[in-house]
Amino acid sequence: MSVALMWEAKAAGGRGADLLAWARAQELPAAPLRRETFRAPGERVLVITWWDADFDADVPELPEPEAGLISRPVHRWRFEPVGN
């Protein structure tokens, strides 16, 4: 079984590069199978981690950044593969 965790944040005005650097510097207490970091217009940062675990397993997630770095709370979702 595997699960993908999605973490998405919108930077405070003008802080997109800071949020991206912060997200890339975050170390998790365990290594995921895969980790990818993306950026998008509107100073948004997305991190997806893949884990060899059940959908509801307790796996490490990126924390909430300090309030001055983001313009709203972080969005988090879990996904599971569905096959072809």
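Residues numbered from 1 in each chain as written. Predicted model: local features only at pLDDT ≥ 70, side-chain atom pairs only at ≥ 80, totals over all residues. Heavy atoms only, no water.

Novice: What exactly am I supposed to notice about the overall build of the chain here?
Specialist: A tally of regular secondary structure across the chain gives one helix and four strands. Secondary structure elements of the chain occur, N-terminal to C-terminal, as β-α-β-β-β. Principal-axis analysis of the C-alpha atoms places the extent of the chain at approximately 40 × 30 × 20 Å. Counting only residues that meet the buried cut, the chain has 35% of its 84 residues in that class. Relative to all contacts within the chain whose residues are 6 or more apart in sequence, the contacts with residues 24 or more apart total 64%. (Helix = DSSP H or I, 4+ residues; strand = E, 2+ residues; numbered from the N terminus. Buried < 20%, exposed > 50% of the residue type's maximum accessible area, 1.4 Å probe, protein only. Contact = heavy atoms within 4.5 Å.)

Novice: Would you mind going over the pairing of strand E2 (residues 34–40) with me for this structure?
Specialist: The side chains of a regular strand alternate, residue by residue, between the two faces of the sheet. By the bridge criterion, seven bridges tie E2 to strand E3 (residues 44–51) in an arrangement that is antiparallel. Bridge pairing in E3 links Arg39 to Val45. Joining the antiparallel neighbours E2 and E3 is a turn of three residues, in which Gly42 adopts a positive phi near 85°. (Pairing = 2+ DSSP bridges.)

Novice: Can you help me understand the sheet that holds strand E4 (residues 75–79) in this one?
Specialist: Strands in a sheet are paired, the pairing made by backbone hydrogen bonds, and the direction either parallel or antiparallel. Here we have four strands laid out as an open sheet, ordered E2-E3-E1-E4, and antiparallel in their pairing. The sheet is open, and its two edges are formed by E2 and E4, each paired on a single side. For this sheet, the mean inter-axis angle between neighbouring strands, taken without regard to orientation, is 15°. (Axes fitted to C-alpha atoms, helices over the stretch in contact; angles between N-to-C directions.)

Novice: How should helix H1 (residues 16–25) be read in this particular structure?
Specialist: Quick reminder: α-helices carry 3.6 residues per turn. Residues three or four places apart thus point the same way. Those residues of H1 that fall on the buried side of the exposure criterion are Gly16, Leu19, Leu20, Trp22 and Ala23. Seen end-on, H1 carries its buried residues on one side only, within an arc spanning 165°. In H1, the exposed positions angled more than 90 degrees off the buried face are occupied by Ala17, Arg24 and Ala25. Each element contacted by the buried residues of H1 is listed here: strand E1 (3–10), E2 and E3. (Arc of directions from axis to C-beta.)

Novice: Teacher, can you tell me more about the packing of aromatic side chains here?
Specialist: Each aromatic ring pair is characterised by the separation of its centres together with the angle its planes make. Summed over all chains, the structure comprises one aromatic pair. Judged by centre distance (5.9 Å) and plane angle (25°), the ring pair of Trp7 and Trp22 falls under stacked. Separated by 15 residues along the polypeptide, Trp7 in strand E1 and Trp22 in helix H1 bring together distant segments of the chain. Classification of Trp7 as buried rests on a relative accessible area of 3%. One cation-aromatic arrangement involves Arg34 over Trp50; the distance from NZ or CZ to the ring centre is 3.9 Å. (Phe/Tyr/Trp six-rings, centres within 6.5 Å; stacked < 30°, edge-to-face > 60°. Lys NZ or Arg CZ within 6 Å of the ring centre and 35° of its normal.)

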